[in-house]
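These are the residues of each chain, in order.
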Amino acid sequence: MIVILKPGVSLAQMGELVRFIEGQGLRVGRIVRGEERTVIGLIGEERGVPVDRLRAFDGVEDVVPVQKPFKLVNRELQPEDTVVRGRGFSFGDGSFTVIAGPCAVESEAQILETARFLKEHGASLLRGGAYKPRTSPYTFQGMAGEGLELLARAREETGLAIITEVVSAEDVTAVAEVADVLQVGARNMHNVRLLQHVGRSERPVFLKRGQSATLEEFLLAAEHVAAEGNPNVVLCERGIRTFERYTRNTLDIAAVPLLKGLSHLPVVVDPSHATGRRELVPPLSAAALVAGADGIMVEVHPDPENALSDGPQSLTFRQFAEMMERLTRIRGALRAETAGV
Ligand code: PEP
Ligand code: MN
C-alpha cells in the first residue's frame, strides 16, 4: 500500500500517521521523496487495514493499494530509477556498465593479468568467484578465503571494484569486507535467509535470476533484500532453463524491458551463463544494450581452454576488446537515434 502525502506535511502529522500505521501491524518500508510528492511504502499484511481512516489523516492526500506482491521494488512506489553506486561504478543512471572477469579466481597470475587487461579496456568491475556453488560436487569449488585475498590485491593494483558471490548467510560479513558488490547466484535466489543477510549489509547486492524463476519470484527475492533495509539491488537476467539444448540456458531478453517497467531497480544481462558459448556473448551483449539494460556481466579468461570452470563461455582478451569496441559504436548509434539525428 502506498500513502501519498500532501505537500508541506508536518513532522507531528507524520509521527501520528506512522504510529497509526504501526498500530495496524504494518511497517514503513520506505519513504520516497520524489520531485513532486513524498510517498510512504507500507509493508506487511494489508488485509483488514482501514484504508478510509488512513485517507482521513491530516497530511494524507491519498492511499493507493499496490496490487502486485512486491512493494518496495515496485515502480509504482518510486517512479524514478534507482541508481546503485560504488567505487568508480554506477548502475541505473543511463550508463552501460561492464562487469567482467573469470568465472572463478584460480591463481594470483590469472586474476591480476585479467584485472590489468580489463582496466585498460573499459570494464568498471572485476568479477571472480572465490566460493563457487557448482552443480557437481566433483568440480572445482573455488579458492574461498584465499580467492578473496587475491581479489583484494587486484583491486589494490587496478582500482577496479570487486564483485564476488556469497553462497551462505554465515559468509556475508567476511565477503563484504572485500567485495564492493555482493553477488547472490541463480542457485541461491530462493534462499531467503541469505537474502535477508545481504539485506542487512551495507554493500549493494547483485541478484541473479533463478534458473526457473518467474519474474514475479525474482522481484520478490529482491523485495526480501529491500525489506531488510538495503535498497541497492541490481537485477541480473542470466538465462532460464528451457527445452533448448544448443545453449546452456535461454536468454529471456524480454525480461529486460519488463523488469524495467515493473521495477525501479537497474537491470543487467549476463550472456555468458545464458548461453554457455563464447561466440554468442558479443551478439547477446549488443541485444542487452539495445533492449535497455543498464549493463552486462561477462566472463573473460586469459586462457579459456584451460579455465577451471566455464571455459567454453569465457571470452578471450581479444574477443572482449573487440566486443567493447562494437558496443561503443552501437551506443553512439543509439544516442543519435534518441536525439533524433
Ligand atoms: C557465476 O556468475 O559465476 C554464476 C555461478 O552464475 P549463476 O549464479 O548465474 O549460475
Ligand atoms: Mn561461471
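Right above here is the structure, for reference.
Residues numbered from 1 in each chain as written. Chains lettered and ligands numbered in written order. Predicted model: local features only at pLDDT ≥ 70, side-chain atom pairs only at ≥ 80, totals over all residues. Heavy atoms only, no water.

> Can you lay out the overall build of the protein for me, pointing to particular residues and giving the numbers?
Looking only at helices and strands, one finds eleven helices and 14 strands in the protein. At 21 Å, the protein has a C-alpha radius of gyration in line with the 20 Å of a compact globule built from 341 residues. By principal-axis analysis of the C-alpha atoms, the protein measures approximately 65 × 55 × 45 Å. Counting only contacts in the protein whose residues sit at least 6 apart along the sequence, the fraction spanning at least 24 positions is 69%. For the protein, the computed accessible surface area is about 15200 Å², with 51% contributed by carbon and sulfur atoms. (Helix = DSSP H or I, 4+ residues; strand = E, 2+ residues; numbered from the N terminus. Rg over C-alpha atoms; globule rule 2.2 N^0.38 Å. Contact = heavy atoms within 4.5 Å. Areas by Shrake-Rupley, 256 points an atom, 1.4 Å probe, with all protein chains shown as cover.)

> So, the site of ligand 1: which residues are in play, and what are the values?
Every residue near ligand 1 is listed here: Cys 103, Arg 127, Lys 132, Glu 165, Gln 183, Gly 185, Ala 186, Arg 187, Lys 208, Arg 238, His 273 and Glu 299. Between Arg 238 and ligand 1, the recorded distance is 2.6 Å, taken from a side-chain N or O atom to an oxygen atom. The fraction of the free accessible surface of ligand 1 (300 Å²) that becomes covered by protein chains is 97%. For the shell around ligand 1, the per-class residue count stands at two nonpolar, three polar and seven charged. (Near = heavy atom within 4 Å. Polar contact = N/O pair within 3.5 Å; in protein donor to acceptor, adjacent residues only side chain to side chain. Nonpolar A, V, L, I, M, F, W, Y, C, P; charged D, E, K, R; others polar.)

> Please provide a residue-by-residue account of helix α6 (residues 192-199), values included.
Every buried residue of α6 is listed here: Leu 194, Leu 195, Val 198 and Gly 199. Projected down its long axis, α6 shows its buried positions confined to an angular sector of 140°, all on one face. Where α6 is buried, its residues contact α5 (172-178), β10 (181-184), β11 (205-208) and α7 (215-227). (Buried < 20%, exposed > 50% of the residue type's maximum accessible area, 1.4 Å probe, protein only. Arc of directions from axis to C-beta.)

> Break down helix α10 (residues 281-291) for me, citing the residues and quoting the values.
Among the residues of α10, those classed as buried are Val 281, Ser 285, Ala 286, Ala 288 and Leu 289. The arc enclosing the buried residues of α10, seen along the axis, measures out at 155°, which places them on a common side. Backbone geometry just downstream of α10 places Gly 292 in the positive-phi region, at approximately 100°.

> Describe the side chain of Glu 46, listing the residues and the values that go with them.
Position of Glu 46 relative to the elements: it lies in the loop between β3 (38-43) and α2 (51-55). On the basis of relative accessibility, which here comes to 18%, the residue Glu 46 falls in the buried class. Once residues lying within four places of it in the same chain are set aside, the contact partners of Glu 46 are Met 1, Leu 26 and Lys 71.

> Summarise the pattern of salt bridges; cite the residues concerned and give the values.
With the rule as written, the count across this model stands at 21 salt bridges. Across the pair Glu 170 and Arg 193 runs a salt bridge, and its minimum N-O distance is 3.6 Å. Highlighted residues: Glu 170 in the loop between β9 (161-165) and α5 and Arg 193 in helix α6, separated in sequence by 23 residues. Judged by its relative accessible area of 48%, Arg 193 falls in the partly exposed class. A cluster of three or more residues bridged by salt bridges with shared partners is formed by Asp 52, Arg 55 and Asp 62. (Salt bridge = Lys/Arg side-chain N within 4 Å of Asp/Glu carboxyl O.)

> A description of the environment of Pro 266 should follow, citing residues and the corresponding values.
Along the chain, Pro 266 falls in the loop between α8 (255-262) and β13 (267-269). Its relative accessible area of 0% is what places Pro 266 among the buried residues. Each C-alpha atom of the pair Pro 266 and Leu 308 lies 31 Å from the other, and the pair is 42 residues apart in sequence. Not counting residues up to four positions away in its chain, the partners in contact with Pro 266 are Thr 82, Val 84, Phe 91, Gly 92, Val 233, Val 234, Leu 235, Lys 260 and Asp 294.

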